[in-house]
Amino acid sequence: MADRSLTVPDASLALSEHALAIGQEFPNVETCRRTLKDIAIALHFDLRIVKSDRSRFIAKCSKEGCPWRVHVAKCPGVPTFSVRTLQGEHTCEGVNNLHHQQASVGWVARSVEARIRDNPQFKPKEILQDIRDRHGVAVSYMQAWRGKERSMAALHGTFEEGFRLLPAYCLFWNLIKHILKENTWSCGSFLDENFRDTFKNTKLVNIFWNAVYALTAAEFESKITEMVEISQDVIPWFQHFSPQLWAVAYFEGTRYGHFTLGVTELLYNWALECHELPVVQMMEHIRLQLTSWFNSRRDIGMSWASILVPSAEKRVLEAIADAHCYQVLRANEVEFEIVSTERTNIVDISSRVCSCCRWQLNGLPCAHAAAALISCGQNAHLFAEPCFTVASYRETYSEIINPIPDKCLWRELGVGTEGGVARVDISIRPPKTRRPPGRPKKKVLRVENFKRPKRVVQCGRCHLLGHSQKKCTLSI
């Protein structure tokens, strides 16, 4: 047995570190089983369990004729187990291949627990290679996948435990309490039983999301009509939640020239690594990321000395550079006529309007507006919309995300709390879902993926539909 340690890939798994001795104690029988399993894998021999119950554990080498045997029994009056008899010499060749019977899912989970704690995105393929490099054992992909699932549950808890802790967690997060009070749509409708009962039909749900992302009122009304035709149960729900709370078509603010789901996709990918965690751990992960995000951007905002943020500053400087080629005619105190070789534009600096419409759409002075402002001695940077200013940027990230105490204190601090949004004695169960076959989808549905009519292109030369000016065949 002196040369058996040479077959172990990792020096830390040498025979001297896995030696048993008579009188050696274990806190419980489960620890004893795990230790003997680790020894069998490290020394590359198969372990056969002869007897295992609450008072004793007897195991031997599975090879016929090999005398290796160990007998562990419970100590009287205490929960510990100790080695009573031990025959520690092997006469067999052991396991000559990479497969090992003791390399179970539970053993895989314990082997990669530290790696998964540091990197939750540790993939099953990486687990396969890691176990082979460290232990010289080959496991199947399914064993690695199940081992990761079990290790994640041991580290972060199950989904049932996460939902059970959710009321106590909400009690300590002031941001969630604010959302529950102010934003009915985000926390009311989707958690509402009536919503889940109403939108059971898959086709109905698809049409509903098309209505959410509808850019015009006509598209929105069309989708609502389709939903009503499928089920009359949606009518009370629509009457209870006004479209201003959830439909893009009824957004009351200014979009400033573009509409995109880029922010949604950014946040989705930014929090992708926590999607497989239970709900409380997922919220904690997002909270910690938001805290880091706010701190870094708060520092960035304090380092800027300009009026506008850098991206807006660049566009205004480009407009000022282009403004020098225009002729400015002043009509009165606020209205200007900007003359160029192409066309003439009218600018009203009091209402921040230009006939080219770029000022209204982008929220930043266009070249015509910059020419008018420069001619009357005004600073073009001061006529940008407030959302583009450094002051607004700093105010955006000035909010404080309060820390959360350890979960062992939630129930103790939450008992007797009045006025909170959740009581710790409320029991929340996870939704009843059936996991579909195959690998889960992790891509975000873009706006373009929804079935919407495409924008019709109009030629700027012949004014016909279906092609652009570059592809126009009309002779000049």
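Definitions and limits used
Residues numbered from 1 in each chain as written. Predicted model: local features only at pLDDT ≥ 70, side-chain atom pairs only at ≥ 80, totals over all residues. Heavy atoms only, no water. Helix = DSSP H or I, 4+ residues; strand = E, 2+ residues; numbered from the N terminus. Contact = heavy atoms within 4.5 Å. Pairing = 2+ DSSP bridges. UniProt positions renumbered as here; feature names shortened; annotations may be inferred.

Caption draft 1: Spotlight on the side chain of aspartate 46. Here aspartate 46 shows up in the loop between α1 (29–42) and β2 (47–52). Not counting chain neighbours up to four residues away, the residues in contact with aspartate 46 comprise Lys60, Cys61, Ser62, Val95, His100, Gln101 and Gln102.

Caption draft 2: Focus on the sheet that holds strand β4 (residues 69–74). Strand order in the open sheet made by the five strands is β1-β5-β4-β3-β2, with antiparallel pairing throughout. Edge positions in the sheet fall to β1 (25–26) and β2, since each of these pairs with one other strand and no more. For β1 and strand β5 (residues 81–87), the ladder comprises two bridges, and the chain directions are antiparallel. Bridge pairing links glutamate 25 to serine 82 in β5.

Caption draft 3: Up close: the UniProt feature "domain: SWIM-type" (unreviewed entry) in the protein chain. When the UniProt feature table is mapped onto this chain, "domain: SWIM-type" (unreviewed entry) is found at residues 345–377. Segment residues 345–377 splits into 42% helix and 18% strand. End C-alpha atoms: 19 Å apart.

Caption draft 4: Molecular detail of the pairing of strand β8 (residues 344–348). Bridge count between strand β7 (residues 335–339) and β8: five bridges; the pairing is antiparallel. Residue isoleucine 338 lies in a different strand from β8, and its bridge partner there is asparagine 345. Where β7 hands over to β8, the hairpin turn is made up of four residues, counted between the paired strands. Sheet topology places β8 next to strand β9 (residues 353–354); two bridges connect them, and they run antiparallel. Within β9, the residue paired with valine 347 across the bridge is cysteine 354. Between β8 and β9, which follow one another and run antiparallel, lie four residues, and arginine 352 among them has a positive phi close to 55 degrees.

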